There are 2 protein chains.
Amino acid sequence: MRTRPLKVALLGCGVVGSEVARIMTTHADDLAARIGAPVELAGVAVRRPDKVRGGIAPELITTDATALVKRGDIDVVVEVIGGIEPARTLITTAFEHGASVVSANKALLAQDGAGLYEAAARHGKDLYYEAAVAGAIPLIRPLRESLAGDKINRVMGIVNGTTNFILDKMDSTGAGYQEALDEATALGYAEADPTADVEGFDAAAKAAILAGIAFHTRVRLDDVYREGMTEVTAADFASAKRMGCTIKLLAICERAADGASVTARVHPAMIPLSHPLASVREAYNAVFVEAEAAGRLMFYGPGAGGAPTASAVLGDVVAVCRNRLNEATGPGESAYAQLPVSSMGEVVTRYHISLDVADKPGVLAQVATVFAEHGVSIDTVRQQGKDGEASLVVVTHRAPDAALSGTVEALRKLDTVRGVASIMRVEGE
Amino acid sequence: MRTRPLKVALLGCGVVGSEVARIMTTHADDLAARIGAPVELAGVAVRRPDKVRGGIAPELITTDATALVKRGDIDVVVEVIGGIEPARTLITTAFEHGASVVSANKALLAQDGAGLYEAAARHGKDLYYEAAVAGAIPLIRPLRESLAGDKINRVMGIVNGTTNFILDKMDSTGAGYQEALDEATALGYAEADPTADVEGFDAAAKAAILAGIAFHTRVRLDDVYREGMTEVTAADFASAKRMGCTIKLLAICERAADGASVTARVHPAMIPLSHPLASVREAYNAVFVEAEAAGRLMFYGPGAGGAPTASAVLGDVVAVCRNRLNEATGPGESAYAQLPVSSMGEVVTRYHISLDVADKPGVLAQVATVFAEHGVSIDTVRQQGKDGEASLVVVTHRAPDAALSGTVEALRKLDTVRGVASIMRVEGE
Ligand SMILES: NC(=O)c1ccc[n+]([C@@H]2O[C@H](COP(=O)([O-])OP(=O)(O)OC[C@H]3O[C@@H](n4cnc5c(N)ncnc54)[C@H](OP(=O)(O)O)[C@@H]3O)[C@@H](O)[C@H]2O)c1
Ligand SMILES: NC(=O)c1ccc[n+]([C@@H]2O[C@H](COP(=O)([O-])OP(=O)(O)OC[C@H]3O[C@@H](n4cnc5c(N)ncnc54)[C@H](OP(=O)(O)O)[C@@H]3O)[C@@H](O)[C@H]2O)c1
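Residues numbered from 1 in each chain as written. Chains lettered and ligands numbered in written order. Predicted model: local features only at pLDDT ≥ 70, side-chain atom pairs only at ≥ 80, totals over all residues. Heavy atoms only, no water.

1. With respect to the overall build of chain A
Then step 1. The secondary structure content of chain A amounts to 14 helices and 17 strands.
Then step 2. In terms of C-alpha radius of gyration, chain A reaches 24 Å, essentially the compact-globule figure of 22 Å for 429 residues.
Then step 3. When its C-alpha atoms are laid out on the principal axes, chain A stretches across 85 × 45 × 35 Å.
Then step 4. Looking at the 429 residues of chain A, the share that counts as buried comes to 58%.
Then step 5. Residue pairs in contact within chain A that sit at least 24 positions apart in sequence constitute 73% of those at least 6 positions apart.
Then step 6. Counting only carbon and sulfur atoms, one obtains 49% of the accessible surface of chain A, whose full area is about 16,400 Å².
Then step 7. Positive and negative side-chain charges in chain A, numbering 42 and 53 respectively, have mean positions lying 3 Å apart. (Helix = DSSP H or I, 4+ residues; strand = E, 2+ residues; numbered from the N terminus. Rg over C-alpha atoms; globule rule 2.2 N^0.38 Å. Buried < 20%, exposed > 50% of the residue type's maximum accessible area, 1.4 Å probe, protein only. Contact = heavy atoms within 4.5 Å. Areas by Shrake-Rupley, 256 points an atom, 1.4 Å probe, with all protein chains shown as cover. Lys, Arg positive; Asp, Glu negative; His and termini not counted. Charge placed at Lys NZ, Arg CZ, Asp CG, Glu CD.)

Encoded structure:
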């Protein structure tokens, strides 16, 4: 074993960074044995230098992250600051000064993964980011290495723990969205400003990253259709239950049936209770992968949290350190397929539409005609009437999203349709 | 991209090998793009040269596997013959002649993984074997790479599809073992001679491989406690149901509570229906991993079959080819921890014991005394009497296996105990 240690610079020492530092210290011998050389924490960049950070030698702490990544003797920079800047500049500066990078920063990778990969390749360095998607769950490595000999057709998963916690509460207790969100906040599962989670921004970033890897194609954050879950109601859950379904916020990356294009999207969807994703409870994450030869795989585990995320970061640190000892680099960006990314209108799926209608004869016939005119074929209809008001729940066969949008627009113009109470996609047969 | 192709020699062209050849041909462009150089099927060794093998150029077929691996221009040898010899000699010969090796051979790896790793290291070559455990499910790579920065405490899984199919049938239809086995055979899920599966030999080989990787310790096949599932009865399933459990054949690799030793074992066990492994149906495989930082992870998918297994093989082929272009090697054997492997007697778990007893007063007191004398504490007892005969079902708290064996031996000596109808471990709380 080499005795000269490999040097790790830690940028950020918050929820994730503090756990990375702790494990590096407490498990130093194991890491050394697995890497083939000791690893040393060479510096820790933070914003607030005076905060007490147990277990970290005070002289390692700095507020000058730039100077740390420019030192020139750093082997691996671990970026767990988050956000776009200064993280991006620090990462590219790290490459310029000879370091490889491990990051957990989904926002940055989704926004500018290509630029970071290019910088890494230009300097012959590694960029690893297992922790950026689904926390501790090995997913990036299985997709880009284990399935490298296969053709991935679909990645569908629960990749945001906060929203899964909220939806699970709504499902199990009958609570409304606000009540479930309040509970999630009180228990620390939701942040004070939950927008990034509940509006699907966090999941969309992960969908962009997953689609890019799965389809060997650059998928930008803007390519991802995004719908949050703040409009999901207790009534939707009741409807879902009647169909033998539950509701999950899903990130779905798909290859079109003809293989010539791909799509990536995030939205709430009904899935059958028999689907393995339906039983993913609380803040857990799980991702289903369908590949041509491998078939259906599922990966399940904690999607966030300091220690789980640090586990993923350290797996990458070990890999990058081994690569450095080998004077090699791991797989870089793979975007050779260059498939076009289609818009949401071209996605083909099923729909559950709930309409408030006038309770009089002929309404169903009118509604059915609108669906037919738009080429959306109906699977089942359920009518429920009370006091002159009635509701009509339509579940469709598979149809393009654009055709459904057209249908809904036309339905809204019918005199007999008082309102469209909810539209939800149905996934996972 | 390099234009000179990397050369792959395929040893064996049966269920798995024929799929490897097919995918290499049909997906040649994708493989080339992902590797950074084309890959070429340079030769295919089989036993019966005259068998029609669709899609493979006849001039590639040979019965002289030894000459093929000795050619000297082969980059990667894919061994999918199976069994100990000639597979072992072919693999070591391949290393000697400059090739790296991808194998799906669990039997050989469990029996002599250390020797193969040594040969690979001696010649600076790679030995990859993702397909050897749980077919298409990425498991070896996540354990040895993604979790390389973590401490794995437990690996527990369903790693044999045949037995899971049989147990699932028994559970869902109330069938006995023989009836369920017959159905599995008729449907092609069980081989004509099912011994390796139903007696747990196949799962034990996988347990040895998984324990070795998880605990960075050599675990030999002989170190694995093994009990098949041929004795599991419909009555056991009925008992399990009453406890809210089902029965699975599990491979369990554990670190002792004090961390100073490890165990590996394969046996049928009751697990609660709420446990994720309980809902693994038909011939699917799934493996639960508990790590200190990552928490509980699960990996699920098809554990066998030509195409799924070929997917895993080709993922390894891509990795090994990339390593060759990098003039590097991937992670080798990691056995630095050298933990002692304890015997089954030291395993601590819970038990479900079903006794046929005389239906008279005082029997329960006698039985309870025997448990107490052996330090096995009882959780619940259920008594059922009919026609002078009675049965007593005891579920214990956690106790060492040796203490339970002692208890059972003493119980058998009691006049009032007519027989021990079944003993089954209870796992997965
Ligand atoms: N938390 C999770 O469960 C989780 C899961 C997966 C991925 N991630 C990702 O991991 C990253 C870190 O998340 P986190 O939860 O650990 O964040 P956090 O708790 O907010 O920690 C951020 C750290 O960065 C430091 N920092 C902020 N701006 C800085 C600057 N300009 N220069 C130097 N240091 C600076 C902070 O310093 P102070 O300590 O002085 O404030 C703090 O130590 C994010 O990209 C996040 O998306 C997190
Ligand atoms: N089948 C699965 O689902 C599965 C899953 C995971 C792992 N595996 C592992 O994969 C390996 C292969 O399994 P399989 O199911 O593909 O086996 P298989 O269908 O029996 O194929 C074995 C192949 O090896 C050839 N062969 C046998 N002896 C040979 C010799 N001495 N020299 C050259 N070729 C020889 C056979 O030639 P002929 O074609 O001329 O008979 C045949 O092509 C085994 O280690 C198995 O444990 C299989």
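2. Things to note about the UniProt feature "binding site: L-homoserine" (unreviewed entry) in chain A
Residue and element names in this part refer to chain A.
Then step 1. Sites flagged by UniProt as "binding site: L-homoserine" (unreviewed entry) map to Glu191.
Then step 2. In this fold, Glu191 is placed in the loop between α8 (177-186) and α9 (195-198).
Then step 3. Using a relative accessible area of 56% as the deciding quantity, one classes Glu191 as exposed. (UniProt positions renumbered as here; feature names shortened; annotations may be inferred.)

3. Quick notes on the environment of B:Ala65
Residues and elements named next belong to chain B.
Then step 1. When you line up the elements, Ala65 lands in helix α3 (residues 65-69).
Then step 2. Look at Ala65 and you get buried, because its relative accessible area is 12%.
Then step 3. Along the primary structure Ala65 and Arg220 are separated by 155 residues, whereas in three dimensions their C-alpha atoms are 28 Å apart.
Then step 4. Residue contacts for Ala65: discarding those within four places in its chain leaves Leu11, Ala45 and Leu90.

4. Examining the relation of the copies chain B and chain A
Then step 1. The two copies are related by a screw motion: chain B maps onto chain A through a turn of 180° and a shift of 0.0 Å along the axis, at an RMSD of 0.1 Å. Taken together, the rotation and translation relating the two chain copies correspond to the operation of a two-fold axis. Relative to the rotation axis, the C-alpha of B:Phe299 is the closest in chain B, positioned 2.4 Å from it. (Least-squares fit on C-alpha atoms with pLDDT ≥ 70 in both.)

5. Considering the packing of aromatic side chains
Then step 1. On inspection of all chains with the given rule, the structure shows seven aromatic pairs over all chains.
Then step 2. Their ring planes at 70° and their centres at 6.1 Å tell us that A:Tyr117 and A:Tyr129 sit as a pair that is edge-to-face. Within this pair, whereas A:Tyr117 is found in helix α5 (residues 106-122), its partner A:Tyr129 is found in the loop between β6 (127-128) and α6 (140-146), the two being separated by 12 residues in sequence.
Then step 3. Classification of A:Tyr129 by relative accessible area gives buried; the value is 4%.
Then step 4. Taken together, a centroid distance of 5.1 Å and an interplanar angle of 0° make the contact between A:Tyr284 and A:Tyr300 stacked. On the criterion of sequence distance, the pair formed by A:Tyr284 in strand β11 (residues 284-291) and A:Tyr300 in strand β12 (residues 295-302) is long-range, its members being 16 residues apart.
Then step 5. Over the ring of B:Tyr128 we find B:Arg144, and its NZ or CZ is 5.2 Å from the ring centre. (Phe/Tyr/Trp six-rings, centres within 6.5 Å; stacked < 30°, edge-to-face > 60°. Lys NZ or Arg CZ within 6 Å of the ring centre and 35° of its normal.)

6. Section: the site of ligand 1
Residue and element names in this part refer to chain A.
Then step 1. Taken together, 21 residues form the shell around ligand 1, and within it Cys13, Val15, Val16, Arg48 and Gly305 come nearest.
Then step 2. Note that an oxygen atom of ligand 1 is positioned 2.8 Å from one of the backbone N or O atoms of Val16.
Then step 3. Residue composition of the shell around ligand 1, grouped by class: 11 nonpolar, six polar and four charged. (Near = heavy atom within 4 Å. Polar contact = N/O pair within 3.5 Å; in protein donor to acceptor, adjacent residues only side chain to side chain. Nonpolar A, V, L, I, M, F, W, Y, C, P; charged D, E, K, R; others polar.)

7. Re the state of the cysteines
Working definition: the covalent bond between the sulfur atoms of two cysteines is a disulfide.
Residue and element names in this part refer to chain B.
Then step 1. Under the definition given, this model contains zero disulfides over all chains.
Then step 2. Free cysteine: Cys13, not disulfide-bonded; nearest cysteine sulfur from Cys321 at 18 Å.
Then step 3. A relative accessible area of 8% means that Cys13 is categorised as buried. (Disulfide = S-S within 2.5 Å.)

8. Some points on the domain arrangement of chain A
Residues and elements named next belong to chain A.
Then step 1. Partitioning chain A into structural domains gives domain 1 (6-135 + 306-325), domain 2 (140-302) and domain 3 (344-426).
Then step 2. With 18 residues of domain 1 at the interface, the matching set in domain 2 holds 16 residues.
Then step 3. At the boundary of domain 1 with domain 2, total buried surface from both sides reaches about 1,400 Å², with 59% on carbon and sulfur atoms.
Then step 4. Linking domain 1 to domain 2 there are four salt bridges.
Then step 5. Ionic pairing is found between Lys106 and Asp202, a salt bridge with its closest N-O pair at 3.7 Å.
Then step 6. Counting the contacts that link domain 1 with domain 2 gives five residue pairs in polar contact (both at pLDDT 80 or more).
Then step 7. Going through the elements one at a time, α5, β6 and α12 (306-325) are the ones with two or more residues in the side of domain 1 that touches domain 2.
Then step 8. Of all the elements, α5 adds the most residues to the side of domain 1 that touches domain 2, at six residues.
Then step 9. For the side of domain 1 that touches domain 2, a count of residues per class yields 12 nonpolar, two polar and four charged. (Domains from an automatic or database assignment. Buried area = accessible area lost by both parts, 1.4 Å probe. Salt bridge = Lys/Arg side-chain N within 4 Å of Asp/Glu carboxyl O.)

9. Considerations on the sheet that holds strand β2 (residues 39-45) of chain A
Residues and elements named next belong to chain A.
Then step 1. Taken together, the six strands give an open sheet; going across it, the order is β3-β2-β1-β4-β5-β6, and neighbouring strands pair in parallel fashion. Pairing within the sheet leaves two strands with one partner each, and these edge strands are β3 (61-62) and β6.
Then step 2. Relative to β2, strand β1 (residues 6-11) runs parallel, the two sharing six bridges. Considered in β2, the bridge of Leu6 is made with Val39.
Then step 3. Together, β1, β4 (76-79), β5 (100-103) and β6 form the strand contacts of helix α4 (residues 87-96), whose direction differs from that of β5 by roughly 150°. (Pairing = 2+ DSSP bridges. Axes fitted to C-alpha atoms, helices over the stretch in contact; angles between N-to-C directions.)

10. Things to note about the interface of chain B and chain A
Then step 1. With 46 residues of chain B at the contact, the number on the chain A side is 46 residues.
Then step 2. Summed over the three residues of chain B that lose the most area to chain A, namely B:Arg34, B:Ser146 and B:Tyr336, the buried surface amounts to 16% of that side.
Then step 3. Counting across the chain B and chain A interface gives two salt bridges.
Then step 4. Where chain B packs against chain A, one counts 20 residue pairs in polar contact (both at pLDDT 80 or more).
Then step 5. For the side of chain B that touches chain A, the secondary-structure elements that each account for two or more residues are α2 (28-35), α6 (140-146), β12 (295-302) and α12 (306-325) of chain B.

11. Notes on the sheet that holds strand β4 (residues 76-79) of chain B
All names here are of chain B.
Then step 1. The sheet built from six strands is open, its strands ordered β3-β2-β1-β4-β5-β6 with parallel pairing. With one partner strand each, in any of the chains shown, β3 (61-62) and β6 (127-128) form the two edges of the open sheet.
Then step 2. One ladder, built from two bridges, connects strand β5 (residues 100-103) with β6; its direction is parallel. Opposite Val101, over in β6, you have Leu127 as the bridge partner.

12. Some words on the packing of helix α7 (residues 161-173) of chain A against helix α11 (residues 234-242) of chain A
Think of two packed helices as two axes; the pair is described by the angle between the axes and how far apart they sit.
Residue and element names in this part refer to chain A.
Then step 1. α11 packs onto α7 with a crossing angle of 70° between their chain directions and a minimal axis gap of 10 Å. Taken together, the axis directions place α7 and α11 in an arrangement best described as roughly perpendicular. Our pair here, α7 against α11, has a crossing hand that is right-handed. Counted together, Leu167, Met170 and Asp171 of α7 and Ala234, Phe237 and Lys241 of α11 form the full contact between these two elements.
Then step 2. Classifying every residue of the contact of α7 with α11 by side-chain character gives four nonpolar, no polar and two charged. (Parallel < 35°, antiparallel > 145°, perpendicular 65-115°, else oblique. Left-handed = near helix turned anticlockwise from the far one by under 90°.)

13. Observations regarding the environment of B:Glu145
Then step 1. By the secondary structure assignment, B:Glu145 is in helix α6.
Then step 2. The spatial distance from the C-alpha of B:Glu145 to the C-alpha of B:Pro331 is 8.2 Å, given a sequence separation of 186 residues.

14. Let's talk about the site of ligand 2
Residue and element names in this part refer to chain B.
Then step 1. In the vicinity of ligand 2 there are 21 residues, among which Cys13, Val15, Val16, Arg48 and Gly305 approach most closely.
Then step 2. In this structure, an oxygen atom belonging to ligand 2 sits 2.8 Å away from a main-chain N or O atom of Val16.
Then step 3. Here an oxygen atom of ligand 2 and a side-chain polar atom of Arg53 are 2.9 Å apart.
Then step 4. Protein burial of ligand 2: of its 900 Å² of free accessible surface, 80% is covered by the chains.
Then step 5. Within the shell around ligand 2, the residues separate by chemical class into 11 nonpolar, six polar and four charged.

15. A few points about the pattern of salt bridges
Then step 1. Counted under the stated rule, the structure contains 59 salt bridges over all chains.
Then step 2. We note a salt bridge from A:Glu333 to A:Arg218, for which the minimum N-O separation is 2.9 Å. Taken together, the positions of A:Glu333 in the loop between α12 and β13 (348-358) and A:Arg218 in the loop between α10 (201-215) and β8 (225-226) put the pair 115 residues apart, joining distant regions of the chain.
Then step 3. Classification of A:Glu333 as partly exposed rests on a relative accessible area of 31%.
Then step 4. The shortest N-O distance in the salt bridge between A:Asp379 and A:Arg350 comes to 3.1 Å. Of this pair, A:Asp379 sits in strand β14 (residues 378-386) while A:Arg350 sits in strand β13, and the two are 29 residues apart along the sequence.
Then step 5. By relative accessible area, which is 35% here, A:Asp379 ends up partly exposed.
Then step 6. One network of salt bridges, with partners in common, ties together A:Glu130, A:Arg141, A:Glu145, A:Asp316, B:Glu130, B:Arg141, B:Glu145 and B:Asp316.

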